[in-house]
Structure formats: C-alpha cells, structure tokens
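Here is how the chains run, residue by residue.
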Amino acid sequence: MDKNEFKSYRNQMDKTQKQMAQLLGTSLKAIHSYEQGWRTIPPAVERQMLFLVSRKNNSARNSKPCWKLKNCEPDQKKQCPAWEFKSGNLCWFINGTICNGSVHENWNDKMKICRSCEVFTSAF
C-alpha cells in the first residue's frame, strides 16, 4: 500500500488522521508519516486498514466464498484457513490461505496475488 492509497482509504472512511491513528493503534505522527511517504506502511497497519474498509463496504459480505469462485478441490479446501473459519470473503485477510496452489511466504507476496483476485476487488 502506498501513501496515496492509504490516504484515499482514510478519506473513504471519513476519518481524521487522529481518528485513523486510534483505529489502527498507532500514533498520529505515524499516520502523518505514512501519508507523506516518509515511512513505509507496515504490513500489520495495511492489513488492519484493508479490513476496516472492507467491513465498511457491505457488498463483499454478499459475494460468493473464494473456494467457489476459485473452484478449489476438496482436499485443498480442507487445508485452507479460509474454509476452516468459513471466511471465504476474507481470504485475503487470513494468513496461510492456499491461493494458486500454495501458501505464501509473507504478506507482501500474498497481496501481490490478492490484489488481482475478484474476492479482494469486490471488497473495495
């Protein structure tokens, strides 16, 4: 997530920088730094921001679960945390999901795949 996307999501949620700092559990100075591009937005902050925006947008909750959209095999579904927790519209939020046949090494690798997936895009 870059500074423009971060600021856009904050504005979309109609939150001040101070309110966003409280929601994300960080300092106001950190929010200033993210939006100015002085600091990289940490994965945990990005993840929380995306979660909040997705919950504000109700359309994602009505979408088909990821395992139906991706036609996952039964064995793959059984190993996937999104299936285990019945959170097929939040698969992008849950670490350890099996997308494109494998678990991803880290948040950044996962998000490279998720950002082009219809489950993710339908939430935003």
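Residues numbered from 1 in each chain as written. Predicted model: local features only at pLDDT ≥ 70, side-chain atom pairs only at ≥ 80, totals over all residues. Heavy atoms only, no water.

A. How the structure looks around the packing of aromatic side chains. Under the definition given, this model contains eight aromatic pairs. Between F6 and Y34, the aromatic rings sit 5.5 Å apart at their centres with planes inclined by 70°, giving edge-to-face as the arrangement. Of this pair, F6 sits in helix α1 (residues 3–12) while Y34 sits in helix α3 (residues 28–36), and the two are 28 residues apart along the sequence. Residue F6 shares its accessibility class with Y34, and that shared class is buried. (Phe/Tyr/Trp six-rings, centres within 6.5 Å; stacked < 30°, edge-to-face > 60°. Helix = DSSP H or I, 4+ residues; strand = E, 2+ residues; numbered from the N terminus. Buried < 20%, exposed > 50% of the residue type's maximum accessible area, 1.4 Å probe, protein only.)

B. Structural detail: the environment of K64. With respect to the secondary-structure elements, K64 resides in the loop between α4 (43–56) and α5 (66–69). Along the backbone, K64 and A30 are 34 residues apart, and their C-alpha atoms lie at a distance of 36 Å.

C. Expanded view of α4. If you check α4, its first and last C-alpha atoms are 20 Å apart, about what 14 residues at 1.5 Å a residue would give, namely 20 Å. Taken together, the buried residues of α4 touch α1, α2 (17–24), α3, α8 (107–114) and α9 (118–123). (Expected span 1.5 Å × (residues − 1). Contact = heavy atoms within 4.5 Å.)

D. Examining the pattern of salt bridges more closely. Enumeration according to the criterion identifies four salt bridges in this entry. A salt bridge links R115 to E46, with the shortest nitrogen-to-oxygen separation between them at 2.8 Å. In this pair, R115 is assigned in the loop between α8 and α9 and E46 in helix α4, connecting sequence segments 69 residues apart. On the basis of relative accessibility, which here comes to 29%, the residue R115 falls in the partly exposed class. Judged by its relative accessible area of 4%, E46 is buried. A salt bridge links D109 to K112, with the nearest nitrogen and oxygen atoms 3.9 Å apart. Of this pair, D109 and K112 both sit in helix α8, three residues apart, roughly one helical turn. Taking relative accessible area as the criterion, K112 reaches 63% and is therefore assigned exposed. Within this structure, E5, E46 and R115 form a network of salt bridges that share partners. (Salt bridge = Lys/Arg side-chain N within 4 Å of Asp/Glu carboxyl O.)

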